[in-house]
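Each chain, letter by letter, is given below.
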Amino acid sequence: MPRLSEYLLPTEKQPPADAEALSHKLMVRAGLIRQLGAGMWTWLPAGWRVHQRVVAIIREEMDAIGAQEMLMPVLQPAEPWRKTGRIDIEELFKLNDRKGSELVLAMTHEEAVTTHVAQIVRSYRDLPLILYHFQVKERDEPRPRAGVLRTREFVMKDAYSFDRDPAAMEQSYELHVGAYDRMMARTGLRFYRVQGDVGMMGGVGAHEYMAPCAAGEDQIVLGAGYAANAEVALDDPQVEHVNGEYARGGERLSVEPAIEIANIFKLGTRYSDALGARFLDDAGAEQPVWMACYGIGPARIVAAAVEQFADEHGISWPRALAPFAVHLVALGKPGTPERDAADALYATLGEGGVEVLYDDRDLGPGEKFADAELLGCPLRLTVGRRSLESGEIEVQLRRGRVQAPGLPLAGEPEQLLAAVDELWQSLP
RNA sequence: CGGGGAGUGGCGCAGUCUGGUAGCGCACCCGGCUGGGGGCCGGGCGGUCGCAGGUUCAAAUCCUGUCUCCCCGACCA
């Protein structure tokens with residue numbers, strides 16, 4: 001586990017001059033991300049840890065419903081995109097290689113996965129099938145914005161289900177609704193699952209997962225037992241819409257801005273028809289494969305978490321996403337007894353499997369505390385001269401900046417680790 | 001694509017109107033002090049002022065072109 005004196009965490013006192021969105025400002029200030037160009041972002045080590053936390057949650061829930069992870073290329077031949085008609089989408093990056101062959105940079109992977117399934121799947125015995133990968137998506141966005149919220153390149157987990165008929169597709173879809181509900185809950189975010197637009201994917205039904213926050217680009221309409229994308233609510237005959245106000249069955253609905261963090265679609269046979277994905281059913285008749293697709297953007301989940309839980313001092317991660325569980329602050333110069341005590345605690349935590357970031361830099365307490373609160377790890381432990389006097393490690397809970405009872409400095413490692421774990425389990 | 005704004009050291013800015021050879025805060029390096037909320041003193045390093053061309057004795061500053069970035073809108077799996 002890293003020592004801050006050796007770790008690349010470039011924190012800034014001031015946000016970038018051109019940043020507007022809270023998550024944009026804080027993620028740059030906290031040293032999580034850096035910009036390379038419009039809509040092009042680098043994840044620095046601490047930021048990437050958060051990103052990979054989200055990835056791990058998604059992977060576990062996908063694997064739990066029997067989905068199989070794989071990897072498909074971003075650089076693709078144009079031909080399948082011509083067959084599905086998506087070659088004309090303006091957001092699609094198109095290029096030629098040195099021989100003049102037409103290529104695209106994939107914005108999603110329906111064309112690729114369906115091409116493979118068309119070749120591989122021959123029989124109803126090969127179905128159902130759920131395939132997924134985490135892969136970069138490329139989109140020539142007209143206007144990238146708000147840091148990592150809307151970029152031209154981003155990692156998406158996209159999954160595709162392949163079934164023998166509409167009823168089986170519905171089953172796969174429901175399986176994903178369950179998995180998505182669970183992964184969203186595990187991130188610790190506030191979220192809603194709403195009826196979605198079908199959009200450029202084409203298809204027969206969709207849901208979106210929306211995380212309410214100020215920087216959101218979408219509007220969601222909410223009431224008791226009702227949640228919908230504002231665009232969809234307009235088409236709902238049960239919803240009245242007057243002067244920007246929404247009502248349903250006499251109940252006034254609230255409207256909140258939100259980020260779309262995931263998106264699932266019933267595709268039907270649109271792609272399998274275009275790319276020839278067919279199989280023989282148990283009666284020997286040729287049938288099209290029924291498809292659905294399931295996308296989720298880890299970067300947006302990270303940004304949404306920043307937006308939802310930040311305060312005036314910085315980020316406050318839900319524990320499921322925090323880059324480190326513990327931010328250990330050592331006060332006092334190297335060679336002092338208090339520093340020795342901090343070093344010992346760092347070793348104990350590390351050996352106990354606690355994910356700890358150790359601030360061993362030669363800086364004043366103010367800067368260390370400020371950086372810790374900016375980065376937002378759920379637990380901050382401080383060891384300084386006072387700890388030696390009181391015999392206690394100082395504990396601050398990042399959420400709410402609450403001072404918790406101190407932990408014994410000289411106790412048995414097992415007891416200390418158990419106490420830290422108990423604290424950890426109690427956090428949001 | 002329409003509208004608005006901005007490019008000056010790693011970050012945030014002043015200087016541009018009125019041309020005279022680049023400055024401030026932070027950060028960074030060296031030395032010292034300090035050591036529980038971004039502390040202090042002293043000494044330093046670092047910038048072809050986005051790029052190209054033009055005007056001029058002289059251009060960060062004026063002119064022309066161009067690139068890039070941000071915000072609002074349109075768009076958005």
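Residues numbered from 1 in each chain as written. Chains lettered and ligands numbered in written order. Predicted model: local features only at pLDDT ≥ 70, side-chain atom pairs only at ≥ 80, totals over all residues. Heavy atoms only, no water.

This part takes up the packing of helix H2 (residues 45–64) against helix H8 (residues 298–309). Packed helices, taken two at a time, are described by the angle their axes make and the gap between the axes. Interaxial distance between H2 and H8 falls to 9 Å at its minimum, and their mutual angle equals 120 degrees. Handedness of the crossing formed by H2 with H8: right-handed. From H2, Val50, His51, Val54, Val55 and Ile58 reach across to H8, where they touch Pro298, Ala299, Ile301 and Val302. Its residues placed into classes, the contact of H2 with H8 shows 8 nonpolar, 1 polar and no charged. (Axes fitted to C-alpha atoms, helices over the stretch in contact; angles between N-to-C directions. Helix = DSSP H or I, 4+ residues; strand = E, 2+ residues; numbered from the N terminus. Left-handed = near helix turned anticlockwise from the far one by under 90°. Contact = heavy atoms within 4.5 Å. Nonpolar A, V, L, I, M, F, W, Y, C, P; charged D, E, K, R; others polar.)

Of note, Glu245 is situated in strand E14 (residues 245–248). Judged by its relative accessible area of 38%, Glu245 is partly exposed. Separated by 54 residues in the primary sequence, Glu245 and Phe191 place their C-alpha atoms 22 Å from one another. (Buried < 20%, exposed > 50% of the residue type's maximum accessible area, 1.4 Å probe, protein only.)

Quick look at the packing of aromatic side chains now. Applying the stated criterion across every chain, the model contains 7 aromatic pairs. An angle of 45 degrees between the planes, with centres 6.1 Å apart, marks the rings of Tyr173 and Tyr294 as tilted. Taken together, the residues Tyr173 in helix H5 (residues 166–187) and Tyr294 in strand E18 (residues 290–296) connect sequence positions 121 residues apart. Look at Tyr173 and you get buried, because its relative accessible area is 0%. For Tyr294, a relative accessible area of 1% puts it in the buried group. For the ring pair Tyr346 and Tyr358, a centre distance of 4.5 Å and an interplane angle of 20 degrees mean the geometry is stacked. With a gap of 12 residues between them, Tyr346 in helix H9 (residues 337–351) and Tyr358 in strand E20 (residues 356–359) connect regions that are remote in the sequence. Put simply, the rings of Tyr180, Phe191 and Tyr209 pair up and form one aromatic cluster. When the ring centre of Tyr173 is taken as reference, the NZ or CZ atom of Lys266 above it lies at 4.7 Å. (Phe/Tyr/Trp six-rings, centres within 6.5 Å; stacked < 30°, edge-to-face > 60°. Lys NZ or Arg CZ within 6 Å of the ring centre and 35° of its normal.)

What follows covers the sheet that holds E20. The 5 strands lie next to each other as E20-E19-E21-E22-E23, forming an open sheet whose pairing is mixed. What marks the edges here is a single partner per strand, and that holds for E20 and strand E23 (402–408). Taken pair by pair, the neighbouring strands of this sheet meet at an average axis angle of 25 degrees, ignoring direction. Here 5 bridges tie strand E22 (residues 392–397) to E23, and the two strands are oriented antiparallel to one another. From the neighbouring strand, Gln396 faces E23, where its bridge partner is Gln403. Against the sheet, helix H10 (residues 365–375) makes contact with strand E19 (326–330), E20, strand E21 (379–383) and E22, and its axis sits at roughly 175 degrees relative to E19, the strand it touches most. Running over the sheet, helix H12 (residues 413–425) touches E19, E21, E22 and E23 and is turned about 160 degrees from E23. (Pairing = 2+ DSSP bridges.)

For the α-helix, the turn length of 3.6 residues means that residues three or four positions removed from each other point alike. Between its first and last C-alpha, H2 extends 28 Å over 20 residues, near the 28 Å set by a 1.5 Å rise per residue. Among the residues of H2, those classed as buried are Ala46, Gly47, Val50, His51, Val54, Val55, Ile57, Ile58, Glu61 and Met62. (Expected span 1.5 Å × (residues − 1).)

Let's shift gears to the pattern of salt bridges. Applying the stated rule across the entire model yields 27 salt bridges. Here Arg278 makes a salt bridge to Glu286, at a shortest N to O gap of 3.3 Å. The partner of Glu373 in a salt bridge is Arg401, and the shortest N-O contact between them spans 3.4 Å. Of this pair, Glu373 sits in helix H10 while Arg401 sits in the loop between E22 and E23; the two residues are 28 residues apart in sequence, bridging distant segments of the chain. Its relative accessible area of 7% is what places Glu373 among the buried residues. Beyond isolated ion pairs, a larger network of salt bridges with shared partners links Glu60, Glu61, Arg182 and Arg186. (Salt bridge = Lys/Arg side-chain N within 4 Å of Asp/Glu carboxyl O.)

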